[in-house]
Amino acid sequence: MLSKIFVHADGGSRKNPGPAAIGILILDEERNKLESYKECIGNATNNVAEYKALLKALQLAAKHTRKEVHIFMDSELIINQMNGIYKIKSPELFELFQQVKDYERTFTKVVYNHVPRENKFQAMADRLVNEAMQ
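Calculation criteria
Residues numbered from 1 in each chain as written. Predicted model: local features only at pLDDT ≥ 70, side-chain atom pairs only at ≥ 80, totals over all residues. Heavy atoms only, no water. Helix = DSSP H or I, 4+ residues; strand = E, 2+ residues; numbered from the N terminus. Buried < 20%, exposed > 50% of the residue type's maximum accessible area, 1.4 Å probe, protein only. Contact = heavy atoms within 4.5 Å. Pairing = 2+ DSSP bridges. Phe/Tyr/Trp six-rings, centres within 6.5 Å; stacked < 30°, edge-to-face > 60°. Core = buried A, V, L, I, M, F, W, Y, C linked by side-chain atoms within 4.5 Å. Axes fitted to C-alpha atoms, helices over the stretch in contact; angles between N-to-C directions. Expected span 1.5 Å × (residues − 1). Arc of directions from axis to C-beta. Polar contact = N/O pair within 3.5 Å; in protein donor to acceptor, adjacent residues only side chain to side chain.

(A) Geometry of the environment of Gly 11. Of note, Gly 11 is situated in strand β1 (residues 4-13). On the accessibility criterion, Gly 11 (5% relative accessible area) is buried. Considering only alpha carbons, one finds Gly 11 and Tyr 51, 40 residues apart in sequence, at a separation of 7.5 Å. For Gly 11, the contacting residues outside a window of four places in its chain are Ala 21, Ile 22, Asn 46, Ala 49, Glu 50, Ala 53 and Val 129.

Now the structure itself:
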C-alpha cells in the first residue's frame, strides 16, 4: 500500500441531463499510472456525473492506499462544495456529497484540488469519459 496517491476524476453528459460517463486516472507520487477506469453511468446531469466520478475514484483509490489521497477535478462546483466553500442546494447532489463524505473516512487525509481541463492528467481523465460514451 502506498502512502500517497493522486487521482484525476471527470464526469460528463452529452446533454444535460443525457447519456453520461465517468473517467478516472490514479497515479503514484511519481505520477506513474496505477490504474485507469471508464464507465457509462446511464442518464445523468453533468454535476451528477462529476459526483459519481468522485465517488468511484475514492472507491478505486482504496485499493492503493488508506492514507493520503489528492483528488483533482476540473469541476469548480464539485471541488468548492467538497471544500465547504459553496453550499449544496440540490437534494440529489447533497445525497451524493454525503456518500463522498462517508467514504472519505476510509483514508487518513483527502485533499480536493481544482485543475484546468487542459492539465495533461485531467485531459486523460476527460478522454476516458469520451471513450466510455462512444
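(B) Fine view of the pairing of strand β2 (residues 18-27). A large share of β2 lies buried, amounting to nine of its 10 residues. When β1 meets β2, the two strands line up antiparallel, connected through eight bridges. When the bridges of β2 are listed, Gly 12 appears paired with Ala 21. The hairpin turn running from β1 into β2, its antiparallel successor, is four residues long.

(C) Structural detail: the packing of aromatic side chains. Going through the model one piece at a time under the given rule, you end up with two aromatic pairs. Arranged with centres 6.1 Å apart and planes meeting at 35 degrees, the rings of Phe 6 and Phe 72 form a pair that is tilted. Placement of Phe 6 in strand β1 and of Phe 72 in strand β4 (residues 68-73) is noted, with a sequence separation of 66 residues between them. Of the two residues, Phe 6 and Phe 72, both sit in the buried class.

(D) Quick peek at the nonpolar core. Membership of the largest hydrophobic core comes to 33 residues, with the highest contact counts inside it found for Val 7, Tyr 51, Leu 54, Leu 58, Ile 71 and Tyr 112. Among the secondary structure elements, those contributing two or more residues to this core are β1, β2, α1 (46-61), β4, α2 (76-82), α3 (91-104) and β5 (109-114). The dominant element in this core, judged by the number of residues it contributes, is α1, at 10 residues. Dropping the residues within four chain positions of it, Ile 71 is found in contact with Val 7, Leu 54, Leu 58, Val 110, Val 111, Tyr 112 and Asn 113. Counting six residues, the second largest nonpolar core, distinct from the first, contains Leu 25, Leu 27, Phe 72 and Val 115.

(E) Main features of the sheet that holds β5. Pairing in this open sheet of five strands is mixed, and the strands run β3-β2-β1-β4-β5 from one edge to the other. Only two strands of the sheet have a single partner each, and these edge strands are β3 (33-44) and β5. Looking at each pair of strands side by side, their axes are set apart by 20 degrees on average, direction ignored.

(F) Molecular detail of helix α4 (residues 120-133). Between its terminal C-alpha atoms α4 stretches 20 Å, which fits the 20 Å expected from 14 residues at 1.5 Å a residue. Buried residues of α4: Phe 121, Gln 122, Ala 125, Leu 128, Val 129, Ala 132 and Met 133, and no others. In a view along the axis of α4, the buried residues occupy a sector of 140 degrees, so they form one face of it. Residues of α4 that are buried make contact with β1, β2, β3 and β4. Between the side-chain oxygen of the N-cap and the backbone nitrogen of Phe 121 there are 2.9 Å, and the N-cap of α4 in question is Asn 119.

(G) Broad picture of the environment of Ser 36. Within the element layout of this structure, Ser 36 appears in strand β3. Each C-alpha atom, one on Ser 36 and one on His 8, is 9.5 Å from the other, the two residues being 28 residues apart in sequence.

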